[in-house]
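A look at the structure
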Amino acid sequence: MKTLTKYLKFWSVRLFFLLIIGLIAFGGYFYSVPQINAGNVILINPFYNQSENIPTWLYEVDYFIFIFLVTSVLIIFMILYYNANKSKEEKIDKEHMITFVEKIFFFLYPVEEYNEKQKKNQLNGIKKDLTNDHSKQLFLNTLRKIHAQTTGLVSEKTAYLSKEINYTNFIRANLYSPYFSDNLFALKVIGDFQLKGYEKHILKLTKRKNGVLHSEAIVTLLKLKIYDNLLFLIDINMELSIWDLNIIIKTVQELNILNIDYLSLIQSETAEISALGIILVRLRNKSDFKSEIKLKIGSANPLVSEEACITYCYLANCVEEYAYLIEIFNIVSEKSQSTIISKIATTQDKTVSVKFLNFVVNNQPFSQKVEAIRLLLDLDINVISEFRNSENLVIRQSCYQVLDINL
Amino acid sequence: MNLLNWIDVINNIFLIYAISLFALYLFNAVMSILELRSYSNKNKYVDYKSMLSFQKLPSVSIIAPAYNEEKTITDNIKSLLAIQYENFEIIIVNDGSKDESLAKIIDYFELVKVNRAYELNLSCQPIRAIYQSRNAAFNNLVVIDKENGGKADALNAGINVSQNDLFLAIDVDCIIESDAILKMVKPFLDDCKHVVIASGGVIRIANSCELTEGKITKVNYPTNFWAKFQVLEYFRAFTLGRMAWCKVNGLLIISGAFGLFDRKRVIKVGGYDMNSVGEDMELVVKLRRYMHEVEKINYRVAFIPDPLCWTEVPESYKILSRQRNRWTRGAIDTILKHKKMFFNPKYRIIGMTSFPNWVFFELLPPIIQAIGLIYFAILLFFDLVNIHIFLILLAFVLSFSMMYSIFAVFFEAYTYHKYKGVKYFTQTILIIILEMFIYQPLNMYFSLTGHYDYFFKKNKKNWGEMPRTGFSKN
C-alpha cells in the first residue's frame, strides 16, 4: 500500500506539471481563436476582438506577457512557501533530532534495566513521535548512524531497537519506491542493520545505470555478507568507477570479509574488478597469487597494469623478482616506477640498489630523482657529494632538497 | 527594396535574435533543473568523510596567488588550513607583493627558506625563494616568493612547484568550505564513462557574511547596493547557466577563483596563458581543444552546485566596472585565440553549441543592444516607431527577464536556502525590478568599454586592481 502511495505521488506530480503545460498550450490556442465549441458548450474568447486592431503575432505576444507575469507571481508564492516550509522543516528536524537522540539513549542506557512492559511503553513513546514518513526516515537514519559508528552492546541494542520498532513495510516501501533517494535510504538501513530478505531486489539495483544506486546496492550486498566471495561483482557485468572500487575496498576491509575468490576477481574480464582483486591481494598480503598478478603487469588497461605492478612490488621478496622489477621499470607508469624505486632500495644486494638508484637520478623525472637521492643517502653517502656538484641543475636542486633539514 | 522593407528586414533580424536568446534562457532553466535534481538525489546520502580513508584518492595542491593581500592573507591561509582532505598541500604564491604580505605570513606561520626542488614545466617569472614552516601544524603549507608576473604567471609557478595529481586554483581571499575538496574530487572518481579533466564550483558572495576562525558562520544578505545586484547575477550565472551547460557537457568556463584541474594535462597544454586577462576561461577552452585534438577520448568538465567557495565582490561602481571590463576583454581574447573551434563539428558540442553560444549570447549582446538603442533612437527621430508595438515588446522582454530572475531566486530557495527572511525576500524582488533598469544597462556599458579597450586601446592586458576590505572587519 505504501509503495502504491509513493508511485501515486510520483506520477501525480508529473501529471500536474503536464497538466500545467497542457493548460498553457490550451490557453494559447483558445486565445488565438474567437470561440471553442465543445459539444453543447461554447467558450467565447473575450479578448479576440482586440486582435483586429493589432497584427496577429503581436496579439500572441500579449498572451506570453500574461503567462510570464502569472508564472512570476506563482513562483513568488512558491518561494514564500518553500522559505516558510524549509525554515519550519529545519526547525522541526532539529527538534526531532534532539528528541530522537534523547529517547534512543534513554532506551540504550536505562537507569535500571527495563522490564518488558516498560520497554513496550518506551517503544510506544518513540513511535508516537514518528507521525509521518519524513520523521520515520530521520529516526531510522539517526539510529542507523549510531549503530554504524558504535560496536558491542550499544550496536547490539540499536539493532534490537530497529527490530522492535518494526518498520519492515516502511523500509520495503522505500526500497521499491520510484524515488531514487528513498531507495538509497532503504539500502543504507538494510545494509547497516543487516536486514535479510531483500537480496533479490538489491541484486537488481546493482545493475541500475544510476551510478550511486548501483554503488550503494553493491555495498549493501557486501554488508549483508551473503555473497562474501565477491563473485556477484563479476555476475553484475558492469563497469565500476574508482569511487566504487574505493567503497568496495573500504567495506571489505571494515567488515573483514575473508572468503574472497581472489583468483576469479583477478582474472575477471572487467578491468576494474580485476584491479579490485589485485588491490585486495596486496591489502591481505596474499603472496600465493604472485604469478597471476605478474601476468597482469603490462595489461592493456592502465589501472590493472599499475595496480598489478604496485602489488607485485609489495609481494616481491627474492632476487629474481627484484631483477624482474628492474627489467620492467621502463615500461610501467610513473606511479609504478616510484614504487619500484622504493622497493629496489630494500634489496639485500647493495650494489644492485646503488646502481639502479644512480640510474634513476640521472635519467628519471625530478620527483623520482629526489626519492632516489633520499634512498641513496642511506645506502652510499659518497654519491651525495657527486650529486651536489652535478652539472645537471635539477639533480643539484634535488640533492639540496634532500639535504635540507627543514624539509 | 525601399527603406520600409529594409526596416522590416532589420526588425526581423532583431526579433530572431531575441527569440533565440529567450529560447536559450528556457533551455538553461530546464537543463539546470534536471542537473540539479540529479546532483542532489545522487549526493544526498554521500558520506564525504569516508573518502578520507579511500585507497585510491588523488593528491591535491591548492594554489593561491597573492598580490598585496596583507589585510586578509593570514586569515585566508588559516581558513585554507582547515580544509579536510587526506593528501594535500597549500601553495601560496606571493606574486611580488609590494606590501607586507610575505613578511606577515613568514612571521605568523614560522616560515623558513627551503631548498625545495622543482621543474620549470611552465614558463613563469623567476622564483626568489620557497618557504615552509618549522611548525608541524603547518607542514602542508608552502609559500613561493616570486617576481611579479600576474595571476596566470603565479599559478604557473605554483603548478611547477606542485607535484600532486590535481591542483585547485583559488583566489587567496576566498573562503573555502572545509569539505570543498572532497566534493570537488568526487566527480574525478565516480565517472566510469568519461575522464574528468576539471571540476568547477559555485562562487557565493561573502560580503556582509559573518566569519569566525576562517569559516563562514552566518550567511547575510549584502548590505551594499552593488553587491545585492551581484547576488542575483551569481544565482543566474552559476545556478542556472553553468549547471545547464554542465548537463550537456558544454561548460567553457570554470571560475578562476575556484577550479580543480588535472595537473598533468594542464602542463601538457602549456598551463595558464600569461598574456590573457581571462586566463580561467582560456585554460578550460584550451584543455577541451587538447582533448579533442590529441587524446580523443570521452571526457567531461564537471560542476558542483554546492556553495563551497565564498568571495568578496566589488562594492563600488569603479571597481565593478573595471572587473566587468576585464571579463569582457578576457572572453574576447579567448574566443579569438580559439576561433578555429567556432561551428567546427570536430569539436562536437563545444564547437557547435557552447562556442557559438559564447559568441552570440555572451559577447555580442552588449554590441547588439547598443546598436538596437541607436537604431531605435533613429526610428524614433523619424517617427517610424509604433509606440503601441514598442510598449508590448518592451513589456514582453521585461516580464520574461523578471520571470527568469525570480526563477533563479526560487531555485536558490529550493536547493540551498542560504538566504532567509522577509527582508531578504522583499529586497530581492525590488532588486530584480531595479536590475532591469540600472544594473543590466550598466553591465552592458561596462562590457562595451571592454570591447572598446580590447580592440582600440594598447593596455588590453591590464588587470586593474581590486582592493579588498578584508573579512576581518566582519
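Data block above holds the structure.
Now for a quick tour of the structure. Within every chain, residues take consecutive numbers counted from 1 along the sequence as written. The order in which chains are written sets their letters, starting at A; the order in which ligands are written sets their numbers, starting at 1. Selection of residues for local features in this predicted model requires a pLDDT of at least 70, selection of side-chain atom pairs for listing and counting requires 80 or more, and totals for whole chains, interfaces and linings are taken over all residues. Water and hydrogen atoms play no part in the side-chain values, which are based on all heavy atoms of the structure.

1. Remarks on the packing of helix 4 (residues 133–149) of chain A against helix 7 (residues 180–193) of chain A
Residues and elements named next belong to chain A. We apply this condition: To get an axis, a line is fitted to the C-alpha atoms, and for a helix only the part in contact is used. The angle between two axes follows their N-to-C directions and goes from 0 to 180 degrees. Secondary structure counts use DSSP, requiring at least four H or I residues in a row for a helix and at least two E residues in a row for a strand, with both numbered from the N terminus. Crossings are classed by handedness, with left-handed meaning an anticlockwise turn of the near helix from the far one by less than a right angle and right-handed meaning a clockwise turn. Whether two residues are in contact is decided by their heavy atoms, any of which lying within 4.5 Å being enough. Lys, Arg, Asp and Glu make up the charged group, whereas Ala, Val, Leu, Ile, Met, Phe, Trp, Tyr, Cys and Pro make up the nonpolar group; the residues left over, Gly among them, are polar.
At a minimum axis distance of 10 Å, the contact between helix 4 and helix 7 shows a crossing angle of 40°. With respect to the hand of their crossing, helix 4 and helix 7 are arranged in left-handed fashion. Contacts between helix 4 and helix 7 involve Gln137, Leu140, Asn141, Leu143, Arg144, His147 and Ala148 from the first element and Asp182, Phe185, Lys188, Val189, Asp192 and Phe193 from the second. Taken together, the residues of the contact of helix 4 with helix 7 break down into six nonpolar, three polar and four charged.

2. Details of the interface of chain B and chain A
For the record, the criterion: Throughout, the accessible surface (probe 1.4 Å) given up by two parts as they are put together, summed over both, is called the buried area. Whenever a carboxyl oxygen of Asp or Glu lies within 4 Å of a side-chain nitrogen of Lys or Arg, that contact is scored as a salt bridge.
Taken together, the contact pairs 52 residues of chain B with 56 residues of chain A. Approximately 5000 Å² of surface area, both sides summed, lies buried where chain B meets chain A, with 69% of it carried by carbon and sulfur atoms. Ranking the residues of chain B by area buried against chain A places Tyr45(B), Lys56(B) and Phe425(B) at the top, with a combined share of 16%. The salt bridge partner of Lys56(B) is Glu307(A), with a shortest N-O separation of 2.5 Å.

3. Quick look at unusual backbone geometry
All names here are of chain B. As a reminder, the rule being used: Exposed residues in this analysis have more than 50% of their type's maximum accessible area, buried residues have under 20%, and partly exposed residues fall in between, with area computed by a 1.4 Å probe over protein chains only.
For Ser208, which is not glycine, the phi dihedral falls at a positive 75°. Positive phi, normally seen in glycine, also occurs at Asn249, with a value near 55°. Note that Asn249 resides in the loop between helix 6 (225–247) and strand 11 (258–262). Given a relative accessible area of 17%, Asn249 falls into the buried group.

4. Some words on the pattern of salt bridges
For side chains bearing opposite charge, pairing can occur when the charged atoms are close. Residues and elements named next belong to chain B. This model, assessed by the stated rule, comprises 35 salt bridges over all chains. A salt bridge links Glu279 to Lys151, with the nearest nitrogen and oxygen atoms 3.8 Å apart. One end of the pair, Glu279, is in helix 8 (residues 279–295); the other, Lys151, is in helix 4 (residues 151–161), and 128 residues separate them in sequence. The burial state of Glu279 is the same as that of Lys151; both residues are buried. One network of salt bridges, in which partners are shared, links Asp273, Glu282, Lys286 and Lys337.

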